[in-house]
Amino acid sequence: MENHQQQKQATPITYLKPSKGWLSIDFKELWRYRELTYFLTWRDIKVRYKQAVLGIAWALLQPVLTVLIFTVVFGILLDTPSQGLPYPLFAISALLPWQLFANALQRSSISLVGNANLITKIYFPRLAIPLSAVMAALVDFGVSFFVLIGMMVYYRFIPGWNMLWLPVIILFALLTALAVGLWLSAINVQYRDVQHMVPFIVQVWMYASPIVYPIEIIPEGIWRTLYGLNPMVGVIQSYRWALLGGDQPDATMLISIVVVLVLLVSGVYYFRRMEKTFADIV
């Protein structure tokens, strides 16, 4: 009896209290739950390819078919300028970071609703859910990157030392997707219309980014500045420069960085503020 009471007294008690205000981001707690984030990421990857006939080959077919269509329509029929590069290589150098962003954004925007059962049963930092959804998009990107390598070999194009910036640029693309995904995922818990709007937003956003056309066709000055408010302009411009060289990213890159930082900080704070109501509403 005494041993039972001693064990009962030695058992730590954890009290869960709702956070107060906006400034309550516990990154140490998020790090303690890193294994859960890894598990959620791996689960999303397995679910995506489970019972798929072609499996991970979809990650290869999607950029190949998209570049083929872009080349015929924009490269041949419309004769769109491509900065002196073969149009297929020009297109895929922008398409890969865009698909990374688009896949990560679409997954993260519906991640909370898709994990409703988990949210209502146990406690863990909810930031782990959209974060794992963004990280899962790296698998498709890694596979489709071999298509780009194949095209560079075919056109005998050798990248320079600029390619050392690729990890930073890829991280920037993921942060962009996470920044927007935090906003959309939190809003989607209350208003399910968001998950139906995201595919349309992604489609319009693609043509508002320099994927099928070079940024040089945008007039300099106020128009180029406004264009830089699209954070994917900086991502695509820098990714293309890192792989294919050419002119260095201009001031639009700085504008894109500022926009992403504002979206990310405000998105995290809004997410944490709405986190109190997720289990009740979802």
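Use the structure listed above.
Report follows, based on the coordinates. (Residues numbered from 1 in each chain as written. Predicted model: local features only at pLDDT ≥ 70, side-chain atom pairs only at ≥ 80, totals over all residues. Heavy atoms only, no water.)

### Some thoughts on the overall build of the protein
Phase 1 of the analysis: Check the secondary structure of the protein and you find 14 helices and zero strands.
Phase 2 of the analysis: Ordered by position from N to C terminus, the α and β elements of the protein give α-α-α-α-α-α-α-α-α-α-α-α-α-α.
Phase 3 of the analysis: The buried share of the protein, reckoned over its 282 residues, is 47%.
Phase 4 of the analysis: In the protein, the proportion of contacts linking residues at least 24 apart, taken out of those at least 6 apart, comes to 81%.
Phase 5 of the analysis: In the form shown here, the protein has an accessible surface area of approximately 16000 Å², with 67% of it arising from carbon and sulfur atoms. (Helix = DSSP H or I, 4+ residues; strand = E, 2+ residues; numbered from the N terminus. Buried < 20%, exposed > 50% of the residue type's maximum accessible area, 1.4 Å probe, protein only. Contact = heavy atoms within 4.5 Å. Areas by Shrake-Rupley, 256 points an atom, 1.4 Å probe, with all protein chains shown as cover.)

### Digging into a nonpolar patch on the surface
Phase 1 of the analysis: On the surface, a cluster of nonpolar side chains totalling about 1000 Å² of accessible area is made up of W58, L61, V64, L65, L68, I69, V72, V73, I76, L77 and L78.
Phase 2 of the analysis: Mapped onto the fold, L77 is located in helix α4 (residues 58-77).
Phase 3 of the analysis: Residue class for L77 comes out exposed when judged on its relative accessible area of 64%. (Patch = residues over 30% accessible without salt bridge, like charges linked within 9 Å, V, L, I, M, F, W, Y side chains within 5 Å. Salt bridge = Lys/Arg side-chain N within 4 Å of Asp/Glu carboxyl O.)

### Some thoughts on the packing of aromatic side chains
Phase 1 of the analysis: Under the counting rule described, the total for this entry stands at nine aromatic pairs.
Phase 2 of the analysis: Centre to centre, the rings of F101 and W205 are 4.9 Å apart; their planes meet at 70°, and the pair counts as edge-to-face. A residue pair is termed long-range when its members are at least 10 positions apart, and F101 in helix α5 (residues 87-109) and W205 in helix α10 (residues 193-207) qualify at 104 residues.
Phase 3 of the analysis: Ring plane angle 45° and centroid distance 6.1 Å describe the contact between F141 and F145, whose orientation is recorded as tilted. Residue F141 and its partner F145 are located together in helix α8 (residues 128-154), separated by four residues, close to a single helical turn.
Phase 4 of the analysis: F145 gets classed as partly exposed once you look at its relative accessible area, which sits at 21%.
Phase 5 of the analysis: Members of the aromatic cluster, joined through ring pairs, are W98, F101 and W205.
Phase 6 of the analysis: Here R240 stacks its cationic end above the ring of F90, 3.7 Å away from the centre of that ring. (Phe/Tyr/Trp six-rings, centres within 6.5 Å; stacked < 30°, edge-to-face > 60°. Lys NZ or Arg CZ within 6 Å of the ring centre and 35° of its normal.)

### Some words on α10
Phase 1 of the analysis: Helix length check: α10, at 15 residues, gives a terminal C-alpha distance of 23 Å against a target of 21 Å (1.5 Å per residue), a fit within 8%.
Phase 2 of the analysis: At P199, α10 is bent by approximately 25°, the largest bend along its length.
Phase 3 of the analysis: Turning to α10, its buried residues are V194, V198, V202, W205 and M206.
Phase 4 of the analysis: Where α10 is buried, its residues meet α4, α5, α9 (166-190) and α12 (231-244). (Expected span 1.5 Å × (residues − 1). Bend = angle between axes of the 7 residues up to and from the residue.)

### Some points on α4
Phase 1 of the analysis: A rise of 1.5 Å per residue sets the reference length of α4, with its 20 residues, at 28 Å; its end C-alpha atoms lie 27 Å apart and thus fit the reference within 8%.
Phase 2 of the analysis: The largest bend in α4 is about 30°, located at T71.
Phase 3 of the analysis: Taken together, the buried positions of α4 are occupied by A59, P63, T66, V67, F70, T71, F74 and G75.

### Comments concerning the packing of α9 against α12
Phase 1 of the analysis: It is the contact of α9 with α12, at a shortest axis distance of 10 Å, that shows an interaxial angle of 160°. When the axes of α9 and α12 are compared, the pair comes out roughly antiparallel. Once α9 is placed against α12, the crossing between them reads as left-handed. Residue-level contacts link L166, I169, I170, F172, A173 and T176 of α9 to P231, M232, G234, V235, S238, Y239, A242 and L243 of α12.
Phase 2 of the analysis: Considering only residue class, the contact of α9 with α12 consists of eleven nonpolar, three polar and no charged. (Axes fitted to C-alpha atoms, helices over the stretch in contact; angles between N-to-C directions. Parallel < 35°, antiparallel > 145°, perpendicular 65-115°, else oblique. Left-handed = near helix turned anticlockwise from the far one by under 90°. Nonpolar A, V, L, I, M, F, W, Y, C, P; charged D, E, K, R; others polar.)

### Things to note about the side chain of S144
Phase 1 of the analysis: With respect to the helices and strands, S144 occurs in helix α8.
Phase 2 of the analysis: Judged by relative accessible area, which is 3%, S144 ranks as buried.
Phase 3 of the analysis: For S144, the residues in contact, after removing those within four places along its chain, are A59, L60, P63 and L96.

### Some remarks on the pattern of salt bridges
Where charged atoms from two side chains of opposite charge approach closely, those side chains can pair.
Phase 1 of the analysis: With the rule as written, the count across this model stands at three salt bridges.
Phase 2 of the analysis: A salt bridge links R43 to D44; its shortest N-O distance comes to 3.2 Å.
Phase 3 of the analysis: For R43, a relative accessible area of 28% gives the class partly exposed.
Phase 4 of the analysis: E275 is the partner of R272 in a salt bridge, and the nearest nitrogen-oxygen pair spans 2.5 Å.
Phase 5 of the analysis: With a relative accessible area of 12%, R272 lands in the buried category.
Phase 6 of the analysis: Of the residues examined, E275 reaches a relative accessible area of 11% and is grouped as buried.

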